Amino acid sequence: MAHTLGDILASLRVVSIPTRTRFRGITTREAALFEGPEGWTEFSPFLEYDDIEAASWLAAALDFGWRPTPPLIRDRVLVNATVPAVGAEQVAEILSRFDGCTTAKIKVAERGQTLDDDVARVAEVRRIMGQGANIRIDANGAWSVAEALTAIRALEGLNLEYVEQPCATVSELEQLRALVLADGLTVRIAADESVRKASDPIEVARRGAADVVVIKAQPLGGIHTAMAVAAEAGLPTVVSSALDTSVGISMGLHLAAALPEQPFAAGLATAALLAGDVTDDSLLPSDGALRVRRVAPSDTLLASYAASTERAGWWASRIRRTYELLEQ
Ligand SMILES: O=C(O)CCC(=O)c1ccccc1C(=O)O
Ligand SMILES: [Mg+2]
């Protein structure tokens, strides 16, 4: 069944949910939810994104609401704990929200912090989770090549699974990867922004600038296009969220359940970073995994987290504009 702008606006609900801890500079997450024939879906590009970037996120929401998902090959998806750039003393409390997770992803290179802060945070995660845990870090492109190499050396003893987007550009990732190998270091380089924000999401793989690619359903235009990107990249993938409500997480979860392989735990446990959700049955990890399912929001929670009339109007306009871009 084809969608119309009217279908979207008829069921549209906009929520504003506080985060428990500041995450990528954000303390409130706004999301637009609406219902298609396949179920509820989410459109939640970050507020600063322009309409062209947001249009891929709308395509993803329409894909999940209106098009059946590809066949699922697993009903449980292993997930990682996500640790924001907090002080080491807060790490234990944050990890306690991720039941049974044996992989953690830690944010590093936050503005205003030092490498020592990062090392202390990663060391504390290693101390709590033990030697058997997989620990990865995410710099969101904040390091120069030299800074990344210094950080990787400083963290070497903590045995990282991979370093996600250490530098901003594909050329820098390429240089860094060569230096890491030349130095006899074994850590993998993962690309996130170089996939989800690039005009060509495959370039990083084609140029051999990463060992792993992070695949996100919303920025890549939906489950079906994200599957195609993963296949074309030909590298191991990590499915991740964009700090969505459980409705958006369920989109990523269906992507993770449909991919032929899941070599790494998925970054889909981020509902634990929000102070609320649109369902009482949040997609939170149990025994280190999420059970694959769709989520229908509860009316009560949609009402308690309802965004102001002004913000809801802003989202409706954003949807009108981006929908028009998709039609061209
Ligand atoms: O991968 C995870 O563990 C959680 C998802 C995550 O880190 C994230 C969430 C929102 C925006 C950007 C990012 C990111 O990976 O850079
Ligand atoms: Mg990332």
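Residues numbered from 1 in each chain as written. Chains lettered and ligands numbered in written order. Predicted model: local features only at pLDDT ≥ 70, side-chain atom pairs only at ≥ 80, totals over all residues.

Participant: Looking at this structure, how should I read the overall build of the chain?
Facilitator: Of the regular secondary structure elements, the chain holds 12 helices and 12 strands. The globule rule puts the C-alpha radius of gyration for 328 residues at 20 Å, and the 19 Å found for the chain is close to it. Along the three orthogonal principal directions, the C-alpha set of the chain runs to about 55 × 40 × 40 Å. Here the chain holds 328 residues, and the buried ones make up 48% of them. Excluding contacts between residues fewer than 6 apart, the proportion of contacts in the chain whose partners are at least 24 apart in sequence is 71%. (Helix = DSSP H or I, 4+ residues; strand = E, 2+ residues; numbered from the N terminus. Rg over C-alpha atoms; globule rule 2.2 N^0.38 Å. Buried ≥ 20, exposed ≤ 12 C-beta atoms within 10 Å, placed from the backbone. Contact = placed C-beta atoms within 7 Å.)

Participant: Would you mind showing me how to read the domain arrangement of the chain here?
Facilitator: Many descriptions give the size of an interface as the accessible area lost when the pieces come together. The assigned domain composition of the chain is domain 1 (5-70 + 300-327) and domain 2 (76-297). Here the C-alpha centre of domain 2 lies 23 Å away from the C-alpha centre of domain 1. Tallying contributions element by element places strand 1 (residues 13-23) first for the side of domain 1 that touches domain 2, with eight residues. (Domains from an automatic or database assignment.)

Participant: I'm lost on the UniProt feature "active site" (unreviewed entry) in the chain in this one. Help?
Facilitator: The sites that carry the UniProt feature "active site" (unreviewed entry) are, in the present numbering, K107 and K216. On the secondary structure map, K107 appears in strand 6 (residues 103-107). The contact partners of K107, leaving out residues within four places of it in the chain, are V83, P84, A85 and D138. Structurally, the position occupied by K216 is in the loop between strand 10 (212-215) and helix 9 (223-233). (UniProt positions renumbered as here; feature names shortened; annotations may be inferred.)

Participant: Honestly, the pairing of strand 8 (residues 160-164) in this entry has me stumped. Any pointers?
Facilitator: Across a regular strand the side chains alternate sides, sitting on one face of the sheet and then on the other. Among the five residues that make up strand 8, five are buried, leaving the element largely enclosed by the rest of the structure. As paired strands, strand 7 (residues 134-138) and strand 8 are joined by three bridges and run parallel to one another. Among the inter-strand pairings, I137 is bridged to a residue of strand 8, identified as V163. Taking the sense of rotation as the criterion, the β-α-β connection linking strand 7, helix 5 (residues 145-154) and strand 8 turns out right-handed. Relative to strand 9 (residues 188-191), strand 8 is paired through three bridges, and the arrangement is parallel. By the bridge assignment for strand 9, V163 is matched with I189. Assessed by its sense of winding, the connection that carries the chain from strand 8 through helix 6 (residues 170-182) to strand 9 is right-handed. (Pairing = 2+ DSSP bridges. Right-handed = clockwise from strand over helix to strand, strands pointing away.)

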